[in-house]
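Residue-level listing of the chains:
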Amino acid sequence: MGPRSRPALRAVESIVVPDPQHGRVLVLRDTQGITDAQAVIPPPLVPIVARFTGRLSCEDIAREVSGDGQGEVPVEVVTRLAAELDRGLFLEGPTFRAARARVEGDFAAATTRPASHAGGAYFAERRALERYIDGSCLAKARATHGNGDHHASGTHVNGTHAGGGSLLALVAPHIDPWRGAVGYGHAYNALAASLPADADTFVIFGTSHAPMARPFALCRKAFDTPLGPVDADGDALDTIAACATFDPYADQFNHKREHSLEFQVVFLKHLLKGRPFRIVPILAGLGQQQASGTDPAGDAAIRAFADGVRTLVEGRPGKVVVVAGADMAHVGPRFGDAAPYDEAQRAALEKADRASLELAASLDVQGFWSHVAADLDERRVCGLAPIWSLLHSVAGSGAHGKVLHYEQTIDADDGSIVSHAAVGFYG
């Protein structure tokens, strides 16, 4: 990187985390799976990285930052930082493109998607994972079921009773199973209690935390887990793909590191044990519609794809269950807010979240979308697209939904909150 180069940060996840030396630092993480590394940016360097847009040269950036009253910033500091981020694969350019081509090629050739988060977000050893799901997720959820508010380990919990009938669809968390243990327990206790006897296919919608070129992305690969692999349902994928007016595999690479689907497959594999089943993994983006607040059903391509999923569900009555791996709000300093929420703000957040969830439970597809989209910049609900997709898939089934659980997981370091829920749809 020279003084006249124009560094451009690629699409990565950025969060603010506590740091003992600097107070808070900006952390850049790759959600696409090109690199497992993270870039930690201390506060004095944030104004420089913020200008890595591809518009300004390193000389321009040094001059601008120096003129902002931050003190003199030599151009060498900017070029050195740009070079380090380029080597770390955080900048657009030849270095990143070559690395991406290698990683994409390896993934495209693989028949199985590895368990990317085993050993990090959950146990990689089979017996430890089974004990954790049984004891810390399912059993603890049963212990708190219907007990009202509960505070433990930085978590604010409120549970309610399950619905009746056979389960047609389920909204479950996609926060990591360490922090979301009880939430997963409520969701998958409900699935275990009400799963149709003939169910053998699970359509799983997940949030794509990496940008997508198309509204949805299918994946034909088996998903590996510490409990064994789970095959994809090729016939079901073909049914959906035949309805798509875009290439539904264009963004298949986004599945490589996406956790929102992986966690659901782990819980399904544990609960179903030796029972044969297959999955239909679908990542939902809908980025343009979320940015503009427009109803996805107004887009013919989105509607055609979603109708294809509905055709699959309706064509295999009692055999297909739809699952959405979807968290709700992300608020607090980690996500860009100036301060953690106080009790009044947390209560207001719960009220807003529950209003959204009740619209979902009533299968008000448009109402749910509009309610969440109205304050998306404030609540940062990252489960909007998969929940909307689930609702569209079962909206004509006559199902009735019930909010089974709502939870605010509070970060012990800075008070940031991720809220999530379990919602069952029964028929």
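Remember, predicted model here, so these are calculated numbers, not experimental data. (Residues numbered from 1 in each chain as written. Predicted model: local features only at pLDDT ≥ 70, side-chain atom pairs only at ≥ 80, totals over all residues. Heavy atoms only, no water.)

## What to know about the overall build of the chain
No. 1: Helix and strand counts for the chain come out as 14 helices and 15 strands.
No. 2: Taken against the 2.2 N^0.38 rule, which gives 22 Å for 427 residues, the C-alpha radius of gyration of the chain at 22 Å falls within 12% of a compact globule.
No. 3: The dimensions of the chain, computed from C-alpha atoms along their principal axes, are 70 × 50 × 45 Å.
No. 4: Here the chain, with 427 residues, has 55% of them falling under the buried criterion.
No. 5: Look at the contacts in the chain between residues 6 or more apart in sequence, and 76% of them connect residues 24 or more apart.
No. 6: For the chain, the accessible surface area stands at approximately 17200 Å², while carbon and sulfur atoms represent 51% of it.
No. 7: Between the mean site of the 40 positive side-chain charges and the mean site of the 50 negative ones, the chain shows a separation of 4 Å. (Helix = DSSP H or I, 4+ residues; strand = E, 2+ residues; numbered from the N terminus. Rg over C-alpha atoms; globule rule 2.2 N^0.38 Å. Buried < 20%, exposed > 50% of the residue type's maximum accessible area, 1.4 Å probe, protein only. Contact = heavy atoms within 4.5 Å. Areas by Shrake-Rupley, 256 points an atom, 1.4 Å probe, with all protein chains shown as cover. Lys, Arg positive; Asp, Glu negative; His and termini not counted. Charge placed at Lys NZ, Arg CZ, Asp CG, Glu CD.)

## Examining the pairing of strand β14 (residues 400-410)
No. 1: Sheet analysis places β14 next to strand β15 (residues 417-426), joined by 10 bridges and oriented antiparallel. Across the sheet, residue Tyr406 finds its bridge partner in β15, namely Ala421.
No. 2: Following β14, the chain reverses through six residues before pairing antiparallel with β15; Gly415 in that reversal takes a positive phi of roughly 80 degrees. (Pairing = 2+ DSSP bridges.)

## Quick notes on the packing of aromatic side chains
No. 1: Applying the stated rule across the entire model yields 12 aromatic pairs.
No. 2: Aromatic pair Tyr132 and Trp178: ring centres 5.0 Å apart, planes at 70 degrees, arrangement edge-to-face. Separated by 46 residues along the polypeptide, Tyr132 in helix α5 (residues 126-144) and Trp178 in the loop between β7 (167-172) and α6 (181-194) bring together distant segments of the chain.
No. 3: Ring geometry for Tyr184 against Phe267: centres 4.6 Å apart, planes inclined by 5 degrees, an arrangement best described as stacked. (Phe/Tyr/Trp six-rings, centres within 6.5 Å; stacked < 30°, edge-to-face > 60°.)

## Observations regarding the sheet that holds strand β1 (residues 13-19)
No. 1: Strand order across the open sheet formed by three strands is β1-β2-β3, with antiparallel pairing between neighbours. Both outer strands of the open sheet, β1 and β3 (38-41), are each paired with one neighbouring strand and no more. On average, adjacent strands in this sheet sit at an angle of 30 degrees to one another, irrespective of strand direction.
No. 2: The sheet contact formed by β1 and strand β2 (residues 23-29) spans seven bridges and is antiparallel. Bridging from a neighbouring strand, Glu13 pairs with Arg29 of β2. (Axes fitted to C-alpha atoms, helices over the stretch in contact; angles between N-to-C directions.)

## Some thoughts on the pattern of salt bridges
No. 1: All chains considered together, the criterion is met by 19 salt bridges.
No. 2: A salt bridge links Arg63 to Asp60; the nearest nitrogen and oxygen atoms lie 2.6 Å apart. Residue Arg63 and its partner Asp60 are located together in helix α2 (residues 58-67), separated by three residues, close to a single helical turn.
No. 3: For Asp60, a relative accessible area of 21% translates into the label partly exposed.
No. 4: Residue Arg380 pairs with Asp337 through a salt bridge whose shortest N-O separation is 2.9 Å. Of this pair, Arg380 sits in the loop between α13 (376-379) and α14 (384-394) while Asp337 sits in the loop between β13 (327-331) and α11 (343-361), placing them 43 residues apart in sequence.
No. 5: The exposure class assigned to Arg380 is partly exposed, which follows from its relative accessible area of 24%.
No. 6: Accessibility expressed as a relative area gives 18% for Asp337, which makes it buried. (Salt bridge = Lys/Arg side-chain N within 4 Å of Asp/Glu carboxyl O.)

## Things to note about helix α10 (residues 300-315)
No. 1: The terminal C-alpha atoms of α10, which comprises 16 residues, lie 22 Å apart, in line with the 22 Å expected from a rise of 1.5 Å per residue.
No. 2: Burial in α10 covers these residues: Ile302, Phe305, Ala306, Gly308, Val309, Leu312 and Val313. Down the axis of α10, the sector holding all buried residues measures 140 degrees, keeping them to one side.
No. 3: For α10, the side-chain oxygen to backbone nitrogen distance between the N-cap and Ala301 is 2.9 Å, and the N-cap itself is Asp299. (Expected span 1.5 Å × (residues − 1). Arc of directions from axis to C-beta. Polar contact = N/O pair within 3.5 Å; in protein donor to acceptor, adjacent residues only side chain to side chain.)

## Structural notes on the packing of α5 against α6
No. 1: Where α5 contacts α6, the axes come no closer than 7 Å and their chain directions differ by 80 degrees. In terms of their interaxial angle, α5 and α6 are classed as roughly perpendicular. From α5, Tyr132, Ser136, Cys137, Leu138, Lys140, Ala141, Arg142 and Thr144 reach across to α6, where they touch Ala181, Val182, Gly185, His186, Tyr188 and Asn189.
No. 2: For the contact of α5 with α6, the residue count by class is seven nonpolar, five polar and two charged. (Parallel < 35°, antiparallel > 145°, perpendicular 65-115°, else oblique. Nonpolar A, V, L, I, M, F, W, Y, C, P; charged D, E, K, R; others polar.)

## Examining the nonpolar core
No. 1: Formed by 56 residues in total, the largest nonpolar core has its most connected members in Val203, Phe216, Ile282, Phe305, Leu390, Leu391 and Phe425.
No. 2: With residues near it in sequence (within four places) discarded, Phe216 still touches Phe205, Phe246, Pro248, Ile282, Leu283, Ala284, Leu286, Ile302, Phe305, Trp388 and Ser389.
No. 3: Residues Ala187, Leu191, Phe223 and Leu227 belong to the second largest nonpolar core, which totals 43 residues. (Core = buried A, V, L, I, M, F, W, Y, C linked by side-chain atoms within 4.5 Å.)

## A short note on the pairing of β13
No. 1: A large share of β13 lies buried, amounting to five of its five residues.
No. 2: Both β13 and β15 contribute to a ladder of three bridges, which runs antiparallel. Pairing of Val331 across the sheet is with Ile417, part of β15.

## Section: empty space enclosed by the protein
No. 1: What the rule picks out here adds up to one cavity of 30 Å³ or more.
No. 2: Considered as a void within the structure, the largest cavity measures approximately 50 Å³ in volume.
No. 3: What lines the largest cavity is simply Arg179, Arg334, Phe335, Thr409, Ile410, Asp411, Ser416, Ile417 and Val418.
No. 4: If you list the elements that add at least two residues to the lining of the largest cavity, you get β14 and β15.
No. 5: Residues that form the lining of the largest cavity fall into these classes: four nonpolar, two polar and three charged. (1 Å grid on protein atoms, 1.4 Å probe; cavity = no way out; pocket = protein on both sides within 12 Å on 5 of 7 lines; lining within 4 Å. Points joined across faces, edges and corners; volume = space filled by probe spheres on them.)

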